[in-house]
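Okay, here's what each chain looks like letter by letter:
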Amino acid sequence: VIHFDTSILKLGQNEITLSTQYSENFSGLEIIYLLGHFGVRHDKKGTAICDLPKTLNIGDWTNQKLPFYSGHVNYLCETKVNKKNGERVFLKLPEYFGTAVKIFVNNKNAGIIAWQPNEIDITDYLSGSLTQINIQILGHRRNSHGPFHGGKQWFEWTGPSQFLHKDNAYQLVPCGLMKAPEILYKV
């Protein structure tokens, strides 16, 4: 791990130069990551560090200045829940991309959504009609660790050939909450 003072960065192009001595005892250099609190502009013109997004819209976060982000993202909302006697209240996520989703209702851990039907019973976490919901999409390493240049976005399997540069286009996969959550009432 190498740390450097980010205040030395200037507007425009910056360059980091690394050097090492290769020998039979050197295990090799596989990949280098630049970590920090910043966003990334990634388009046909190229890739550049930019300001971190303040908020995210519903949809793919790789198109919202987080193309290589592999952490978790929280979507917060408040909604009115009008439950009738005998009804159970469910939160349904029609579409998301991530490894799984943690759900918090009124600051209480309500559980994890990880497979169809992508819904969770939140009845026991409700208090009053106004409900605070935190939907935490658990990210994955595909967009931060690759493969990036295998010519396809989705691979049936991954091996050494999927890491070869066949072109300069990054093959990123979507991440995030793709559609608005729904509240369902069931008897």
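Heads up: the structure comes first, above all this text.
Here the residue numbers are simple positions, counted from 1 along each chain's written sequence. At least 70 in pLDDT is required for a residue's local features to be given in this predicted model, at least 80 for side-chain atom pairs to be given and counted, and no such filter applies to totals for whole chains, interfaces and linings, which use all residues. Water and hydrogen atoms play no part in the side-chain values, which are based on all heavy atoms of the structure.

Caption draft 1: Structural detail: the overall build of the chain. Labels follow the DSSP assignment, with helices taken as runs of H or I lasting at least four residues and strands as runs of E lasting at least two, numbered in each case from the N terminus. On a plain count of helices and strands, the chain comes out with one helix and eleven strands. Going from the N terminus to the C terminus, the chain shows its helices and strands as β-β-β-β-β-β-β-β-β-α-β-β. Taken over the C-alpha trace, the chain has a radius of gyration of 21 Å; the compact-globule value for 187 residues is 16 Å, which it surpasses by more than 25%. Summarising its shape, the C-alpha atoms of the chain cover approximately 70 × 40 × 35 Å along the three principal directions. For the exposure calls, accessible area comes from a 1.4 Å probe over protein chains only, and a residue counts as buried if that area is under 20% of its type's maximum, exposed if over 50%, partly exposed in between. Here the chain, with 187 residues, has 32% of them falling under the buried criterion. With an accessible surface of roughly 13000 Å², the chain has 53% of that area assigned to carbon and sulfur atoms. Charge assignment in this entry is limited to Lys and Arg as positive and Asp and Glu as negative, and neither His nor the chain termini are counted. In plain terms, the charge of a residue is placed at NZ if it is Lys, CZ if Arg, CG if Asp and CD if Glu. On the chain, the mean spot of the 19 positive side-chain charges and the mean spot of the 16 negative ones are 6 Å from each other. Only the C-alpha atoms count toward the radius of gyration. The rule for a globule is 2.2 Å times the residue count to the power 0.38. Computed with the Shrake-Rupley method and a 1.4 Å probe, the accessible areas treat only the protein chains shown as cover for residues.

Caption draft 2: Main features of the sheet that holds strand β4 (residues 88-92). Two strands are counted as paired when DSSP detects at least two bridges linking them. Pairing within the open sheet is antiparallel, and its three strands lie in the order β8-β4-β11. The sheet is open, and its two borders are formed by β8 (119-121) and β11 (182-186), each paired with just one other strand. Ignoring strand direction, the axes of neighbouring strands in this sheet form an average angle of 30°. Pairing geometry for β4 and β11, over five bridges, is antiparallel. Bridge pairing links Lys 92 to Glu 182 in β11. A fitted line through C-alpha atoms serves as each axis, taken over the contacting stretch for helices, and the angle formed by two N-to-C directions is quoted from 0 to 180°.

Caption draft 3: Structural view of a nonpolar patch on the surface. Together, Ile 16, Leu 18, Ile 32, Leu 34 and Ile 49 make up an exposed nonpolar region whose accessible area comes to about 480 Å². You can see Ile 49 is positioned in strand β2 (residues 46-50). Any residue with relative accessible area above 30% and no salt bridge may belong to a patch, with like charges joined within 9 Å and the nonpolar Val, Leu, Ile, Met, Phe, Trp and Tyr side chains within 5 Å. One speaks of a salt bridge when a side-chain nitrogen belonging to Lys or Arg is within 4 Å of a carboxyl oxygen belonging to Asp or Glu.

Caption draft 4: A look at the state of the cysteines. When the sulfur atoms of two cysteines come within 2.5 Å, that pair is taken as a disulfide. A full pass over the atoms with the stated rule returns zero disulfides. Between Cys 175, a cysteine without a disulfide, and Cys 50, which holds the nearest cysteine sulfur, the sulfur-to-sulfur distance is 17 Å. When its relative accessible area of 1% is taken as the criterion, Cys 175 is described as buried.

Caption draft 5: Up close: the pairing of strand β6 (residues 100-105). Judged from the six bridges that link them, β6 and strand β9 (residues 130-138) form a sheet pairing that is antiparallel. Directly across from Val 101, in β9, lies its bridge partner Ile 137. Bridge count between β6 and strand β7 (residues 108-113): five bridges; the pairing is antiparallel. Bridging across to β7, Phe 104 finds its partner in Asn 109. Counted between consecutive antiparallel strands, the loop separating β6 from β7 contains two residues, among which Asn 106 sits at a positive phi close to 50°.

Caption draft 6: Geometry of the sheet that holds β9. Ordered in space as β3-β9-β6-β7, the four strands form an open sheet in which the pairing is antiparallel. Lying at the two open borders of the sheet, with one neighbouring strand each, are β3 (72-80) and β7. The mean angle between the axes of side-by-side strands here comes to 20°, regardless of whether they run parallel or antiparallel.

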